[in-house]
Amino acid sequence: MFDELIARDRAVNWHPYSQMKTTQHIPIVSGKGAYLYAADGKAYLDAVSSWWVTIHGHAHPYIAERVYQQLLSLEQVIFAGFTHEPAIELGERLLKLLPSSQEKVFYSDNGSTAVEVALKMCIQYAHNQGQQKRKILAFKNSYHGDTFGAMSVSERGVWTAPFQDLLFDVLFIDPPSADNLASLTELIRKEAADIACFIYEPLVQGAGGMLMHRPEDLSALMKVCREEGVLLIQDEVFVGFGRTGTLFATDQLTEQPDVMCFSKGLTGGTMAMGITSCSEQLYQAFYQDEKRKAFFHGHSFTASPIACAASLASMDLLLKEDTLRNIQRIAKQHAAFATRLASNPGVEQVRQQGTILAFDWKAGETSYFNNIQVILYQRFMDRGIVLRPLGNTVYILPPYCISETALAGIYEAVLEELARWK
Ligand SMILES: *Cc1c(COP(=O)(O)O)cnc(C)c1O
């Protein structure tokens, strides 16, 4: 069955981020907890939470049951002119967990659309007040998604090269540190009048290589933007829902954003859904008698009742004491392993934020560098562990349900592979 599925897949499917000519796609038939099971019976420990979305483990029965019940009562209704309780309850419950600045939620389908919505909100916010602010501020090495607006505010590279001329102008700045705060402040004060918004991944820049900055430095930068009237879009698509050790990255910051983006862990990783939350002040610029001041944006599946039900179920699980304890336990295990790793000559830049542990794999004597990603991925797959390095950056990002023993097993595998690497 294994080979047959691979052949049928090759005949029809085009996979994301894959050079189809050279990549293999393993057929998975089921998942349970932190494990995925392939069609040949092999078990894989999912150490990357299936692209950072699976927070409670695979095929969680509680989420499955809630989704099933929702499917039996209301599976879909157009969200313009209609509403439903799952969307109301999700808005109420999410906003309670967010900073007091967040007062409304707008639903979409994924992280990229949550970002598109945020950008359009901020640009139209200025437009609705008769202003034109065209510049957008973003971090170097940022990643906010693959649609055109999201691509525009993301780091430019080989992936975006074919579209370069079609992306809008963005002012890219270094993430804040004690050393550059003064120069960043100067730049923002100079450009502020023309800046519609600043979009950033708080604390951890995920796809850019799990790069981390200090909460106090980001708070200081946010404060400058607030003083200068630059709207803040905090993209918590990756870091939200417990990833950084707190429920949201925002819980480690002293300043509040105007807009926030969520997806990935939002439904516990079970369904596609995005949310953009915003402040009352922003909302009020659209809340007018004039129809043309409304926000003309929507998707067929906006506020899908079943995705809302999955999110509510995931939130129940996330707020359970067991889950919160697991998040702290993973953070502690990671911290202890980070200390061990720091003295290993094969790695550098060991860094950690909550349940995210990352380090850079040194190339070694041979010129493996360009192939580190491919080689390491395969070596860990052979061991039944899914780790998907970003270049030479290896990161461990498990679902919160992973057992202490299973996580320790990943650490041991990393140490063995380091010892083997010469
Ligand atoms: C993954 C990601 C996105 C894009 O989300 P998709 O659901 O993949 O479109 C946006 N922002 C951040 C920070 C992300 O990590």
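The name an unreviewed UniProt entry gives the protein chain is Adenosylmethionine-8-amino-7-oxononanoate aminotransferase, with Sphingobacterium humi as the organism. According to its UniProt record, the protein chain has this under Catalytic activity (unreviewed entry): "(8S)-8-amino-7-oxononanoate + S-adenosyl-L-methionine = S-adenosyl-4-methylsulfanyl-2-oxobutanoate + (7R,8S)-7,8-diammoniononanoate".

A few words on the packing of helix H4 (residues 85-97) against helix H10 (residues 305-318). Where H4 meets H10, the axes come as close as 9 Å, and the angle between the chain directions of the two elements is 40°. Handedness of the H4/H10 crossing: left-handed. Contact residues: Pro86, Ala87, Glu89, Leu90, Arg93, Leu94 and Leu97 in H4; Pro305, Cys308, Ala309, Ser311, Leu312, Met315 and Asp316 in H10. Partitioned by chemical class, the residues of the contact of H4 with H10 number 10 nonpolar, one polar and three charged.

For helix H8 (residues 215-227), which comprises 13 residues, the first-to-last C-alpha distance of 18 Å matches the rise-based estimate of 18 Å (1.5 Å per residue) to within 8%. Among the residues making up H8, those that are buried are Pro215, Asp217, Leu218, Ser219, Leu221, Met222, Val224 and Cys225. The inward-facing, buried residues of H8 contact strand S5 (135-139), strand S6 (171-173), helix H7 (181-191), strand S7 (195-200) and strand S10 (231-235). One or two steps after H8, the chain reaches Gly229, where phi turns positive at roughly 75°.

Okay, the packing of aromatic side chains next. Within the structure shown, the criterion is met by 17 aromatic pairs. Ring geometry for Phe198 against Tyr200: centres 4.7 Å apart, planes inclined by 35°, an arrangement best described as tilted. The exposure class of Phe198 is buried, given its relative accessible area of 0%. By relative accessible area, Tyr200 is classed as buried at 0%. Each member of the aromatic cluster is reached from another via a ring pair, and the members are Tyr17, Trp51 and Trp159. The ring of Tyr283 has Lys104 lying over it, and the distance from NZ or CZ to the ring centre is 4.5 Å.

Take the UniProt feature "binding site: substrate" (unreviewed entry) in the protein chain next. As annotated in UniProt, the feature "binding site: substrate" (unreviewed entry) corresponds to Trp51, Tyr143, Lys264, Gly298 and Arg388 in the numbering used here. These residues run over 338 residues, and the two farthest C-alpha atoms among them are 33.4 Å apart, placing them at more than one spot. Positionally, Trp51 belongs in helix H2 (residues 49-52). Apart from residues no more than four positions distant in its own chain, Trp51 is found in contact with Pro16, Tyr17, Lys264 and Arg388. Take Lys264: its relative accessible area is 23%, and that puts it in the partly exposed class. With residues up to four places along the chain from it excluded, the contact list for Lys264 reads Trp51, Trp52, Val53, Val237, Phe238 and Gly269.

Reading guide: rules and limits
- Residues numbered from 1 in each chain as written.
- Predicted model: local features only at pLDDT ≥ 70, side-chain atom pairs only at ≥ 80, totals over all residues.
- Heavy atoms only, no water.
- UniProt positions renumbered as here; feature names shortened; annotations may be inferred.
- Axes fitted to C-alpha atoms, helices over the stretch in contact; angles between N-to-C directions.
- Helix = DSSP H or I, 4+ residues; strand = E, 2+ residues; numbered from the N terminus.
- Left-handed = near helix turned anticlockwise from the far one by under 90°.
- Contact = heavy atoms within 4.5 Å.
- Nonpolar A, V, L, I, M, F, W, Y, C, P; charged D, E, K, R; others polar.
- Expected span 1.5 Å × (residues − 1).
- Buried < 20%, exposed > 50% of the residue type's maximum accessible area, 1.4 Å probe, protein only.
- Phe/Tyr/Trp six-rings, centres within 6.5 Å; stacked < 30°, edge-to-face > 60°.
- Lys NZ or Arg CZ within 6 Å of the ring centre and 35° of its normal.

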